[in-house]
Each structure stands twice: as C-alpha cells, then as structure tokens.
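Now for the letters of each chain:
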Amino acid sequence: MTTKYDPKADYEVVRGPVSIKDPKTNNRTLLGIGEKTKLTHLEPHEIAFLVEEKRTYRVATATAGGKGARTETKGGEG
Amino acid sequence: MAKTANATHGKRTKVEAVMTAALVAALASLTTAETIDWSSVVKSISGGELTRTVEKEYVTGDDTPILSYDTNIQYSDIVIVFLYTNGKDTIGTDLIDFGEFLDDLAVVTSSDLSLPIIWSVAGGAIGDEERLSSATETFVVGLTAPVGGVGDNAKVQRTLTLSTSQVTKATVA
C-alpha cells in the first residue's frame, strides 16, 4: 500500500518545534506542537518521511466537507 | 527500505546567520534582512551546551542530600571557526565579506545588536535536527584577528564567539 500526501493539505505538528524555511529569504518560522500548516514547500515523499518515519506531523483532522490530505492506492484487494 | 530525503543529503555542517532588520538599520553595509548560509566558510561550530545547577545540601549523618534545583538554565558560548579569503569570499544579497561584517558588528556599542545563528551538524536537510540561538540575545563576545597563510589561496582563519541566552532545538520540516 502506498500513501500519497498532498502538500496543499493541512498538517498538524505533533513533535515540535519544526523549522520551516522560506525559500526566498531563507528565513525560518518555528511551529510548535498543535500548530497546523500546509507543506507546499515539500514533495509528497518528503512529507511521507516526516509523517511516517520522523512522526513530526500528522494529517490534520479534515473539516466537514473538506478534502482529504492523502490518498491511498492499493495493489489489489482479495 | 526506500531512500529518504535525509539519507540522500550531504552531511556538511550547515550554519546560517540571521541578518535582522536591526542589523540592517545599524550597519551601512547591509541593505537586506535575510538569513545567510555561510557554511561555505565555516570550519567548525561548537558550544551552546545547556547547564543547570543543582545544589546538594547534606545534613550530618544523612546519606541523601537535600536537592535544590536552580530554575535558571544557561547555555555555553557558541564558538565558530571560519576560514575565508578576505575580500574575495562574499555571501548573500549584499555580497558580505563576513570578516569585515563581523569587524563592524563587534565594535557597535550604541545598541545591543543580536546576531542569531541557526546551525545543523546533521546537514540541515528535511528531518534533520537544527538549533537556533536566541533571536534577540545572541551577542558577539569575541572575535579573533585573522591568522593567515592557510593553504595556497592564503585563506585566513578567525574565531567568532557568541553569547546567547537561549538555544532552541527544532526539526527541519
């Protein structure tokens, strides 16, 4: 099973603080535990690394009618 | 196991200096507030260790002490050794010569100018640990004169010592 993470979705910091770099000025923003952000500066595989390996973020709880942050593709079902 | 962003990144220590708006206002050579990566000239960075005092009071005859925990946490000075070619290694939007910049900064006494430092000995890639010194209380307390003649390019070596009130650990993410 492969999970794809959407950089435009909201992610919640669960192990912080995290340091997010502005690609233009290189300035950094620190986010603490519980804060939410989009991760448009990251590739889906980098988000997967932070969510699944480092457990730095988790997918923020979707609001009613909101779009999910990840999609799962399965190799096949029995 | 699939390769991660971390596993594919170089491991050179990353050191950045934050050119704050206060620095830009105080130093004529600066026009842009930005964070500058000066890893290319940094030879080593050390310090920023946390220390906290716990006092032990012994009463005669007792084996175990009465402990008094100090709520004050202190951080050791950050020491950065860098190698550069004076006048040739320029960095950032304002083409800063880091030696000249630090010489200017170190002698400013009219205001308390902080030079926040961000560093990651892991390399600063996604998922790596990094540390940030205090944004408002990181002060130059030592700057050695250039020691010359290092290598064929005549690089000079200098040591910058910074005193900081706080070091924050974060994850690059």
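Before reading further, recall that the structure is shown in the block above.
Residues numbered from 1 in each chain as written. Chains lettered and ligands numbered in written order. Predicted model: local features only at pLDDT ≥ 70, side-chain atom pairs only at ≥ 80, totals over all residues.

(A) Looking closely at the interface of chain B and chain A. Across the contact, 15 residues belong to chain B and 16 residues belong to chain A. Elements with a contribution of two residues or more to the side of chain B that touches chain A: strand S2 (34-37) and strand S14 (167-172) of chain B. For the side of chain B that touches chain A, the element with the highest residue contribution is S14 of chain B, accounting for four residues. Residues of the side of chain B that touches chain A, tallied by class, amount to six nonpolar, five polar and four charged. Taken together, the two bridges between strand S3 (residues 18-21) of chain A and S14 of chain B define a ladder with parallel strand orientation. Paired with Ser19 of chain A across the bridge in S14 of chain B is Val172 of chain B. (Contact = placed C-beta atoms within 7 Å. Helix = DSSP H or I, 4+ residues; strand = E, 2+ residues; numbered from the N terminus. Nonpolar A, V, L, I, M, F, W, Y, C, P; charged D, E, K, R; others polar. Pairing = 2+ DSSP bridges.)

(B) Main features of helix H2 (residues 98-106) of chain B. The complete set of buried residues in H2 of chain B reads Phe98, Gly99, Phe101 and Leu105 of chain B. For H2 of chain B, the angular spread of buried residues about the axis comes to 160°, placing them on one side. (Buried ≥ 20, exposed ≤ 12 C-beta atoms within 10 Å, placed from the backbone. Arc of directions from axis to C-beta.)

(C) Focus on the nonpolar core. Core analysis: the largest hydrophobic core is formed by 40 residues, its most contacted members being Leu50 of chain A together with Val15, Ile80 and Ile117 of chain B. In this structure, Ile117 of chain B is in contact with Val15, Ala17, Ile78, Ser133, Thr138 and Leu162 of chain B, ignoring residues within four places of it in sequence. (Core = buried A, V, L, I, M, F, W, Y, C linked by C-beta atoms within 7 Å.)

(D) Quick peek at the sheet that holds strand S6 (residues 57-59) of chain A. Residue and element names in this part refer to chain A. Pairing in this open sheet of three strands is antiparallel, and the strands run S5-S2-S6 from one edge to the other. The open sheet has two edge strands with one neighbour each: strand S5 (36-38) and S6. Strand-to-strand twist of the sheet, defined as the mean angle between neighbouring strand axes without regard to direction, takes the value 40°. By the bridge criterion, three bridges tie strand S2 (residues 10-13) to S6 in an arrangement that is antiparallel. Each residue of the ladder has a partner; that of Tyr11, found in S6, is Val59. (Axes fitted to C-alpha atoms, helices over the stretch in contact; angles between N-to-C directions.)

(E) Fine view of the pairing of strand S6 (residues 78-84) of chain B. All names here are of chain B. Here S6 shows a clear split, with Ile78, Ile80, Phe82 and Tyr84 buried on one side and none of Val79, Val81 and Leu83 buried on the other. Strand direction decides the pairing type here: S6 and strand S13 (residues 155-164), joined by seven bridges, are antiparallel. Residue Ile80 lies in a different strand from S13, and its bridge partner there is Leu160.

(F) Just the sheet that holds strand S10 (residues 129-133) of chain B, in detail. Sheet architecture is open: seven strands sit in the order S4(A)-S3(A)-S14(B)-S10(B)-S9(B)-S1(B)-S2(B), paired in mixed fashion. The open sheet has two edge strands with one neighbour each: strand S4 (28-31) of chain A together with S2 of chain B. Mean inter-strand twist for the sheet, computed between neighbouring axes without regard to direction, equals 30°. Pairing of S10 of chain B with S14 of chain B involves five bridges; the strand directions are antiparallel. Across the sheet, Arg131 of chain B pairs through a bridge with Lys169 of chain B, a residue of S14 of chain B.

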